[in-house]
Structure formats: structure tokens, C-alpha cells
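Each chain, written out:
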Amino acid sequence: MKKILPPLAVIFAAIMWSLDGFLRQELYSVSSFLVITLEHAFGALLFFPLLIKAWPDIKSLGQRQWISVLWISIFGGILGTFFYTKALSYINYIDLSVVVLLQKLQPIFAIALAAIILREKLSQRFIGLAITALTGGYFVTFGTTSIADWNDKTIIAALLALLAAFAWGSSTVFGKHVLKQLPFSAVTALRLAVTAIVATIILFATQGEHLQEISLSAIQWRNLILIVFSTGAVALFIYYYGLNHLPASHATLYELTWPLSAMILDWFVRGQTLSPAQILGAVLLLGSMILLSRENSNV
């Protein structure tokens with residue numbers, strides 16, 4: 001049971017993240033940095049007691065650990081969310097499912113960095129499963145269409161989604177590095193706090209004169225709170241629990257549940273049906289993750 005809980009935690013967090021695009025649709029008219037600042041500030045307040053509890057351990061962090069904390073806070077907390085939110089602003093030019101599903105390329109960055117930075121050993125069987133999962137992700141996203149058929153707006157949205165994939169993929173690796181020194185609960189609280197502080201500084205530096213002109217509707221405040229208690233801070237807490245017990249290269253493949261579940265949600269909510277090629281891709285994704293779960297998950 002102990003071996004299956006970490007993968008299930010990452011998969012569950014990924015499923016929650018697939019709902020994020022739907023919750024953020026009402027926030028498109030709000031500044032991306034304002035959304036990022038507010039959601040992380042609320043998340044930091046939610047987990048503030050954990051931050052206080054772990055403060056003695058946090059003070060003992062070395063320079064490399066603090067670099068990793070800043071990386072996951074800025075790239076994972078700010079840039080990844082910013083690029084993702086900006087990509088969703090092109091929703092009139094690109095399907096929501098495509099933006100979310102492009103996160104399938106996240107494992108490429110995470111696996112490469114895990115091997116370079118964390119010196120994680122990648123067996124030939126694991127590499128084969130990774131290639132199979134990525135192939136499945138490609139078919140789930142594109143089906144039989146070609147990138148050449150996309151217009152300029154679609155390409156911009158896709159590039160923004162890829163930048164988000166790099167930001168989040170690299171954060172998986174650096175997050176794993178911090179988890180070697182701190183418990184997952186402390187990493188969650190610390191990341192949320194640092195992200196909130198940095199995002200607030202950026203927000204006032206770039207939009208300080210116009211902040212008083214910004215207002216959120218009741219529905220937007222509701223969705224923002226829902227994000228914090230579901231797809232945001234709470235999902236991050238669950239994710240770091242799983243990552244704490246898994247190699248970063250394995251965790252990033254379990255995260256492929258995100259694009260798969262997003263496609264299924266898009267199917268039910270928007271009536272977008274899966275093509276035969278996308279169904280094949282979904283089977284490849286699921287099959288590779290099931291086989292991967294039998295790999296040795298000891299860190």
C-alpha cells in the first residue's frame with residue numbers, strides 16, 4: 001500500500017490540475033500576475049502554520065537548496081502559471097484541451113534534468129516507457145492533424161504552453177532536490193510563501209499605479225478561492241507528498257494523467273469527441289503509466 005500511495009497522490013493532483021483550466025476561464029479578464037499573487041498569497045496563509053513549524057529546518061538550508069527553492073517558486077509558481085494562463089487567453093484560436101495537453105512535453109525537460117542534476121539512473125526499460133508515454137501524448141493532442149495547419153495565434157499559444165511545460169518540468173526536479181532536506185509539507189508552505197512575496201514585488205513594480213483600477217466580480221473571487229482549495233495550494237500539497245517518495249523522472253510521467261483527464265473533461269463538458277488516433281494515444285499513456293508503476297520506486 002505504501003508503494004502505491006505516492007503514485008496515486010501524483011495522479012490525483014494531476015487530475016485536479018486538469019480542472020484548473022475550467023476554473024480559470026472566468027479569470028481571463030484579470031491580470032495574470034494579480035491572479036498568481038492572490039492565489040499564492042491565500043495558499044501561503046492556508047499553510048502558514050506548517051511554515052512556522054518547519055522554520056528551524058528552513059533556516060538550516062544551504063545555498064544550493066535556496067537556489068532550488070527560488071527556482072520552484074519563480075519558475076513553477078510564477079512563470080509556469082503565467083505562461084499557462086496567457087496560453088489560455090488564446091482560447092478563441094486554440095482548443096482548451098490542446099493547451100493543457102501540450103504539458104505532455106514536460107517529462108522531456110524533467111527527465112533530462114533529473115539525469116543531469118539529480119544523477120537519477122534511467123534504465124532502458126524506463127526510457128522505452130517514457131517514449132511510449134510521450135508518443136501517446138502526441139496522438140492525444142494532435143491526432144492525425146499537422147502543426148503546419150495551425151495559424152499564428154495557435155502557434156503562439158502552443159509556444160506559451162511549451163514554456164509552461166519547461167517551467168513546471170524543471171520545477172519537478174528542483175523540487176525533488178529541496179525534498180531531500182525538508183519534509184513535503186514544509187516545501188509546499190515555503191514555495192507558496194516565496195512565490196507570493198516575489199509575485200507581489202513584481203505586481204507592484206509593473207502595475208502599482210493601476211492596481212486601484214482592478215476589481216474582481218463575485219464569480220471571479222469564488223473561482224479564485226476554489227482554485228486555492230482544489231487545483232492550487234491543496235493539489236500542490238498532495239503532489240509534493242507523492243514526489244517525496246518517487247524519483248522525479250517517474251513523478252513527471254504520472255503527471256501525464258493531467259492531459260489525459262483534461263481531454264476526457266473537454267469531451268464531456270464541451271462535447272469534443274476523441275478521434276481513433278486520440279483514443280490510441282490515451283491507451284498508450286495509460287499502459288505506459290501502469291507498467292511504470294511496477295518499476296522500483298525507492299529513492
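Please refer to the structure placed before this passage.
Residues numbered from 1 in each chain as written. Predicted model: local features only at pLDDT ≥ 70, side-chain atom pairs only at ≥ 80, totals over all residues. Heavy atoms only, no water.

Draft legend 1. Quick peek at the overall build of the protein chain. Counting its secondary structure elements, the protein chain contains 16 helices and zero strands. Classification of the 299 residues of the protein chain by burial places 55% in the buried group. Within the protein chain, contacts between residues at least 6 apart in sequence are counted, and of these 90% link residues at least 24 apart. Carbon together with sulfur atoms contributes 66% to the accessible area of the protein chain, which is approximately 13,900 Å² in total. (Helix = DSSP H or I, 4+ residues; strand = E, 2+ residues; numbered from the N terminus. Buried < 20%, exposed > 50% of the residue type's maximum accessible area, 1.4 Å probe, protein only. Contact = heavy atoms within 4.5 Å. Areas by Shrake-Rupley, 256 points an atom, 1.4 Å probe, with all protein chains shown as cover.)

Draft legend 2. Examining a nonpolar patch on the surface more closely. The grouping of Ile264, Trp267, Phe268 and Val269 at the surface amounts to a nonpolar patch, some 420 Å² of accessible area in total. As for its position among the elements, tryptophan 267 is in helix 15 (residues 257-270). (Patch = residues over 30% accessible without salt bridge, like charges linked within 9 Å, V, L, I, M, F, W, Y side chains within 5 Å. Salt bridge = Lys/Arg side-chain N within 4 Å of Asp/Glu carboxyl O.)

Draft legend 3. View of the side chain of arginine 191. Here arginine 191 shows up in helix 11 (residues 184-207). The side chain of arginine 191 is buried and forms no salt bridge, while glutamate 39, the nearest opposite charge, is found at 8.0 Å. Among the polar contacts listed, one links the side chain of arginine 191 to the side chain of tyrosine 240, at a separation of 3.2 Å. Not counting residues up to four positions away in its chain, the partners in contact with arginine 191 are Ile72, Ser73, Gly76, Gly77, Leu236 and Tyr240. (Lys, Arg positive; Asp, Glu negative; His and termini not counted. Polar contact = N/O pair within 3.5 Å; in protein donor to acceptor, adjacent residues only side chain to side chain.)

Draft legend 4. Looking closely at the packing of helix 1 (residues 5-18) against helix 13 (residues 233-244). Put simply, helix 1 and helix 13 touch, their axes get as near as 7 Å, and they point 150° apart. When the axis of helix 1 is compared with that of helix 13, the two are roughly antiparallel. Here helix 1 and helix 13 pass one another in a crossing that is left-handed. Judged by residue contacts, Leu5, Pro6, Ala9, Val10, Phe12, Ala13, Met16 and Trp17 of helix 1 engage Ala235, Ile238, Tyr239, Tyr241, Gly242 and Leu243 from helix 13. In terms of residue class, the contact of helix 1 with helix 13 is built from 13 nonpolar, one polar and no charged. (Axes fitted to C-alpha atoms, helices over the stretch in contact; angles between N-to-C directions. Parallel < 35°, antiparallel > 145°, perpendicular 65-115°, else oblique. Left-handed = near helix turned anticlockwise from the far one by under 90°. Nonpolar A, V, L, I, M, F, W, Y, C, P; charged D, E, K, R; others polar.)

Draft legend 5. Representation of the nonpolar core in the model. Counting 65 residues, the largest nonpolar core has Leu182, Leu190 and Tyr240 as its most contacted members. No other element matches helix 11, which puts 11 residues into this core. Leave out the neighbours within four places in its chain, and tyrosine 240 touches Ile72, Gly175, Leu179, Phe184, Val187, Thr188 and Arg191. With 11 residues, the next largest nonpolar core counts Ala130, Ala133, Leu260 and Met289 among its residues. (Core = buried A, V, L, I, M, F, W, Y, C linked by side-chain atoms within 4.5 Å.)

Draft legend 6. Looking closely at helix 1. Between its first and last C-alpha, helix 1 extends 20 Å over 14 residues, near the 20 Å set by a 1.5 Å rise per residue. Residues of helix 1 that are buried: Pro6, Pro7, Ala9, Val10, Ala13, Ala14, Met16, Trp17 and Ser18. (Expected span 1.5 Å × (residues − 1).)

Draft legend 7. View of the packing of aromatic side chains. Taken as a whole and judged by the stated rule, the model has 12 aromatic pairs. Cluster of aromatic residues (ring-pair linked, three or more members): Phe47, Phe184, Phe237 and Tyr241. (Phe/Tyr/Trp six-rings, centres within 6.5 Å; stacked < 30°, edge-to-face > 60°.)

Draft legend 8. Geometry of helix 13. Here helix 13 is 12 residues long and its end C-alpha atoms lie 16 Å apart, about the 16 Å a rise of 1.5 Å per residue gives. Within the span of helix 13, buried status applies to Ala233, Ala235, Leu236, Ile238, Tyr239, Tyr240, Gly242 and Leu243.

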